[in-house]
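# Structural features, examined
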Amino acid sequence: MLFNSAEFIFGFVPIVLFGFFWIAGRFGNESAILWLVLSSLFFYGWWDPSYLLIILSSMVCNYHLGRHIYNLKSKWLLTAGVVGNLAVLGYFKYAGFLVFNLAWLTNSDWSIENIVLPLAISFFTFQQIAYLVDSYKQVTEEYRFIHYALFVTFFPQLIAGPIVHHKEMLPQFQNNNAFRISANHIAIGISIFAIGLFKKTVIADGMADYANPVFNAADAGSAPDLLLAWSGILAYTFQIYFDFSGYSDMALGLARMFGIILPLNFYSPYKARSIAEFWRRWHITLSRFLRDYIYIPLGGNRKGQGYRYLFLMTTMLLGGLWHGAGWNFVIWGALHGGFLAVHQGWRLLSERHTWLQLHASIAWLITMLAVIVAWGFFRATSLDGALSILQGMVGLNGVAIPMAILARLGEVGVMLQSWGVTGYHGGASHLVSAWIYCLLLIPVVVCLPTVQDLFRQHHASLTNIEETAGAGFWLAPRFIRKLAWQPALVWASFSSLLLVIGLMTLGQVSDFLYFQF
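Here's a quick rundown of the structure. (Residues numbered from 1 in each chain as written. Predicted model: local features only at pLDDT ≥ 70, side-chain atom pairs only at ≥ 80, totals over all residues. Heavy atoms only, no water.)

Here we come to the environment of isoleucine 465. Summarising the element assignment, isoleucine 465 is placed in the loop between helix H20 (451-454) and helix H21 (477-482). Given a relative accessible area of 28%, isoleucine 465 falls into the partly exposed group. For the pair isoleucine 465 and leucine 264, spaced 201 residues apart in sequence, the C-alpha separation works out to 9.0 Å. (Helix = DSSP H or I, 4+ residues; strand = E, 2+ residues; numbered from the N terminus. Buried < 20%, exposed > 50% of the residue type's maximum accessible area, 1.4 Å probe, protein only.)

Dropping the structure here:
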């Protein structure tokens, strides 16, 4: 069941929401929690009920293992638990990739039956590994299984995050205030959900129409020229951000209707002035997991600069593999690991030689170029497709303009043709509209506030972060600070407009990109 589907918005959410508060008032909090767990399992099983066996067995095993780890403080049990979780994830997600590469290396005909990846297994596996580690650190407390089950299955964050910690969620599930319906929570929740729905269905899906044809053609063997390659990769740059950020906003809004506040997952990543800042703003809860459970345990920055670069590269390679079993994801992770190492080295140099410090606009431009280039490998389904896009971006595939445009340029068109610019028939309106939308979205991502900014007076997320002067490539900061959601007619009208526009797109329901990761 998708957040952007009629059965979810008009059926599932109202029934679950009404049932939760009615059961809490009539039968008590524990019954309401059980209702929410069963509803979340129904939501999860909507795609394929057979997945339920996997998530249920995973929850039961990890809950009891976590209790034993907490009581015995056993490192062996912790190791076994982490390895077991990774083994299950590895089987479903990487077995085919591993066998394929072994067969290629040994020139054999080994193969493995196609394994269907259970929905959200990457998210609920990471979430439960964090729970086991926290149990070993003695930061978990005794909770009933039904509470733990809600921590894992709570439907707003079950499928694509944010990746939450038990210490963030379980105390909220035990707070009596969460079981009393609140007009304030409902209003804030619907408003945030409306913003997320608009970002996903209008902006992200709209940009997919410009990104998909370019990447599909490149993967099929075509060589996009300069303008086409840039339009495709810019469209995807905006598509993936508004798709995942829109999903995360919808998750925040849905949870808020139940009185639950989730951690922030996106905070204007395209305002970042460095690649390190980008990762502090992009998929924040995954970055937090990679930092706390991989980078720091490896040694972090405690063993010198050389090891620090090695640990950064290792962490980002694993982060790339987490997104998918494919060499393009490995390259994407390696690129970001390299970017982070270069940034760290440059930062140290610029502290000694201040003339190396870059102007904010230049730092932002370099950061965005790095992120955009890496997206080429992330989106393309083949290495050749990604390389073809990158070759087009630097002009190696030539420069072409639709004849409908070239003919209208008159003498300029003749001059361009003398420089080697070629013309082709068809596609003029598509290319022009792609560039117009991409150029319009640039000021949107560096000027407009996020839900974290808009709802800063109403505790939009568990994350204590706000845009401040000097952080990020932040245009029009006074404008951002003035905009703040209020329970007033003007904001109700604005949220309703976004919701209506989003609902008008339900006839063309599309998946979320991060469902496949």
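This is not the end of the story, as more comes after the structure.
Another aspect to go through is helix H4 (residues 75-106). Taking 1.5 Å per residue, 32 residues should reach 46 Å; H4 reaches only 37 Å between its end C-alpha atoms and comes up short. Tyrosine 94 marks where H4 bends most, by close to 65°. Every buried residue of H4 is accounted for by Leu78, Gly81, Asn85, Leu89, Lys93, Tyr94, Ala95, Phe97, Asn101 and Ala103. In this fold, the buried residues of H4 make contact with helix H3 (51-72), helix H5 (121-136), helix H13 (305-323) and helix H14 (327-352). Phi turns positive, to about 55°, at asparagine 107, one or two residues after H4. (Expected span 1.5 Å × (residues − 1). Bend = angle between axes of the 7 residues up to and from the residue. Contact = heavy atoms within 4.5 Å.)

Pairing is possible between side chains of opposite charge, provided their charged atoms come close. Evaluation of the coordinates by the stated rule reveals eight salt bridges. Between glutamate 168 and arginine 288 there is a salt bridge; the shortest N-O distance is 2.5 Å. With glutamate 168 in helix H8 (residues 166-173) and arginine 288 in helix H12 (residues 284-298), this residue pair connects regions lying 120 residues apart in the sequence. Taking the relative accessible area as the measure of exposure, arginine 288 reaches 18% and is therefore buried. One salt bridge in this structure joins glutamate 351 and arginine 347, with 2.7 Å as the shortest N-O distance. Linking glutamate 351 with arginine 347, this pair stays in helix H14, spanning four residues, or about one helical turn. The network of salt bridges with shared partners includes Lys200, Asp205 and Asp243. (Salt bridge = Lys/Arg side-chain N within 4 Å of Asp/Glu carboxyl O.)

So, about the state of the cysteines. Scanning the model with the defined rule gives zero disulfides in all. Of all cysteine sulfurs, the one in cysteine 447 lies closest to cysteine 438, which takes part in no disulfide; the gap is 16 Å. Exposure remark for cysteine 447: the relative accessible area of 16% places this residue in the buried category. (Disulfide = S-S within 2.5 Å.)

Glancing now at the packing of aromatic side chains. One pass over the structure, following the stated rule, counts 54 aromatic pairs. Between the aromatic rings of phenylalanine 126 and phenylalanine 289, the centroid separation amounts to 4.3 Å while the plane-to-plane angle is 20°, which identifies the pairing as stacked. With phenylalanine 126 in helix H5 and phenylalanine 289 in helix H12, the pair connects residues that are 163 residues apart, well separated along the chain. With respect to burial, phenylalanine 126 and phenylalanine 289 carry one shared label: buried. An angle of 85° between the planes, with centres 4.9 Å apart, marks the rings of phenylalanine 266 and tryptophan 282 as edge-to-face. Here phenylalanine 266, found in the loop between helix H10 (226-257) and helix H11 (275-281), pairs with tryptophan 282, found in the loop between H11 and H12; they are 16 residues apart in sequence, far enough to count as distant. Lying across the ring of tyrosine 70, arginine 67 places its NZ or CZ 5.3 Å from the centre. (Phe/Tyr/Trp six-rings, centres within 6.5 Å; stacked < 30°, edge-to-face > 60°. Lys NZ or Arg CZ within 6 Å of the ring centre and 35° of its normal.)

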